[in-house]
Amino acid sequence: AHTGVPEAEREWVLARSRALVDGLADRGYDVVGSLDELLPDFTGEPDTDPEPPADDVLDSAVDALAVLLTERLSTPRARAAARVRRLARRAQAHLPARS
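All of these numbers come straight from a predicted model, not from anything done at the bench. (Residues numbered from 1 in each chain as written. Predicted model: local features only at pLDDT ≥ 70, side-chain atom pairs only at ≥ 80, totals over all residues. Heavy atoms only, no water.)

**Q** Just give me the short version of the side chain of Glu45, but keep the residues and values in it.
**A** By the secondary structure assignment, Glu45 is in the loop between helix 1 (7-26) and helix 2 (54-73). Residue Glu45 is classed as buried on the basis of its relative accessible area, which comes to 11%. (Helix = DSSP H or I, 4+ residues; strand = E, 2+ residues; numbered from the N terminus. Buried < 20%, exposed > 50% of the residue type's maximum accessible area, 1.4 Å probe, protein only.)

Okay, structure coming up:
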């Protein structure tokens, strides 16, 4: 299975995985199968581009911003503030223009 781990990061991933597997082995847990099966195998795996395409980053950023704005506007305080702003705009429309 393709892991998607960039080649530059594979050594760190393998070292971290080995440390976790060794920690499990040292504690003497009763494990069915080999703990080595928990180690990633990068054999024959192509290098992946650590930089995603700019369009993907932009799409993700817009999606995240939409979620944040939706959550922010859904709070009672935010709804009340939006209502006050609407009322202030209506009131301002009825005031004489500044000279």
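We are not done yet, so read on.
**Q** If you had to explain a negative patch on the surface to someone new, which residues and values would you point to?
**A** A surface patch of like charges, here negative, comprises Asp55, Asp56, Asp59 and Asp63. Here Asp59 is to be found in helix 2. (Patch = residues over 30% accessible without salt bridge, like charges linked within 9 Å, V, L, I, M, F, W, Y side chains within 5 Å. Areas by Shrake-Rupley, 256 points an atom, 1.4 Å probe, with all protein chains shown as cover. Salt bridge = Lys/Arg side-chain N within 4 Å of Asp/Glu carboxyl O. Lys, Arg positive; Asp, Glu negative; His and termini not counted. Charge placed at Lys NZ, Arg CZ, Asp CG, Glu CD.)

**Q** Describe the confidence of the model for the protein chain, with residues and values.
**A** The predicted model of the protein chain has a mean per-residue pLDDT of 84, with 93% of residues at 70 or higher. Helix 3 (residues 76-94) is the least confidently modelled element of the protein chain, averaging 80 in pLDDT, while helix 1 averages 93, the highest of any element. (pLDDT = per-residue confidence, 0-100.)

**Q** Explain the side chain of Ser17 residue by residue, including any values.
**A** With respect to the secondary-structure elements, Ser17 resides in helix 1. In terms of polar contacts, Ser17 uses its side chain to reach the backbone carbonyl oxygen of Val13, at 2.8 Å. The contacts of Ser17, once residues within four sequence positions are left out, are Leu39 and Pro40. (Polar contact = N/O pair within 3.5 Å; in protein donor to acceptor, adjacent residues only side chain to side chain. Contact = heavy atoms within 4.5 Å.)

**Q** Tell me what's going on with the pattern of salt bridges, and back it up with residues and numbers.
**A** All chains considered together, the criterion is met by three salt bridges. In this structure, Arg18 and Asp22 form a salt bridge, with 3.4 Å as the shortest nitrogen-oxygen distance. Residue Arg18 and its partner Asp22 are both found in helix 1; the two are separated by four residues, about one turn of the helix. Among the salt bridges present, the one from Asp36 reaches Arg18, with a minimum N-O distance of 3.2 Å. In this pair, Asp36 is assigned in the loop between helix 1 and helix 2 and Arg18 in helix 1, connecting sequence segments 18 residues apart. Exposure remark for Asp36: the relative accessible area of 43% places this residue in the partly exposed category. With relative accessibility at 33%, the residue Arg18 sits in the partly exposed group. Among the charged side chains, a salt-bridge network with shared partners connects Arg18, Asp22 and Asp36.

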